[in-house]
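# Architecture and fold: a report
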Amino acid sequence: SRWASVLRAAGAAATLMITDRVAGERAFLELVSTNPDDGMVPLRRAEAYERLGLLSEAAADYQRAEQLLPFPTRKAEARAGLSRVGAGHQRGRDR
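Predicted model only: the values in this text are computed from it and were never measured.

## Some words on the packing of helix α3 (residues 40–52) against helix α5 (residues 72–85)
Relative to each other, α3 and α5 sit at 25 degrees, their axes nearing to 11 Å. Regarding the angle of α3 to α5, the classification is roughly parallel. Taken as a pair, α3 and α5 cross one another with a handedness that is left-handed. Contacts between α3 and α5 involve M40, L43, R44, E47 and E50 from the first element and R74, E77, A78, R84 and V85 from the second. Grouping the constituent residues of the contact of α3 with α5 by class yields 4 nonpolar, no polar and 6 charged.

The structure is reproduced here in structure tokens:
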């Protein structure tokens, strides 16, 4: 199915990003452009950013994922990720 193929591609892009950030980001840009409404793409990219210690980027993608994901369990994953990367990123936006 299309959903399964996007999920696999997002997982592969996340794995790539850990070893080659530029190539991984390029893969995610392509996924975002072809699947702009699929919340799994920003969710997996957020996880990769988090592993790389890029917390502002991770926070932005976790927020986007939460908006797009239709399933409560996936939304909860995005909220948990946002909580892990730090509430400071949210507070900074509210000022």
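Moving on from the coordinates now.
## With respect to the packing of α3 against helix α4 (residues 55–68)
Remark: α3 packs on α4, axes separated minimally by 8 Å, with the N-to-C direction vectors making an angle of 160 degrees. What the angle tells us is that α3 and α4 run roughly antiparallel. For the pair α3 and α4, the crossing hand works out as left-handed. In contact with P42, L43, R45, A46, E47, Y49 and E50 of α3, α4 contributes L55, E57, A58, D61, Y62, R64, A65 and L68.

## Here's the deal with helix α2 (residues 21–34)
Compared with the 20 Å implied by 1.5 Å per residue over 14 residues, the 20 Å span of α2 between its first and last C-alpha is a close match. Among the residues of α2, those classed as buried are A23, G24, F28 and L31. Projected down its long axis, α2 shows its buried positions confined to an angular sector of 135 degrees, all on one face. Among the exposed residues of α2, those oriented more than 90 degrees off its buried face are V22, R26, L29, E30 and S33. The inward-facing, buried residues of α2 contact α1 (2–19) and α3.

About the thresholds
- Residues numbered from 1 in each chain as written.
- Predicted model: local features only at pLDDT ≥ 70, side-chain atom pairs only at ≥ 80, totals over all residues.
- Heavy atoms only, no water.
- Axes fitted to C-alpha atoms, helices over the stretch in contact; angles between N-to-C directions.
- Helix = DSSP H or I, 4+ residues; strand = E, 2+ residues; numbered from the N terminus.
- Parallel < 35°, antiparallel > 145°, perpendicular 65-115°, else oblique.
- Left-handed = near helix turned anticlockwise from the far one by under 90°.
- Contact = heavy atoms within 4.5 Å.
- Nonpolar A, V, L, I, M, F, W, Y, C, P; charged D, E, K, R; others polar.
- Expected span 1.5 Å × (residues − 1).
- Buried < 20%, exposed > 50% of the residue type's maximum accessible area, 1.4 Å probe, protein only.
- Arc of directions from axis to C-beta.

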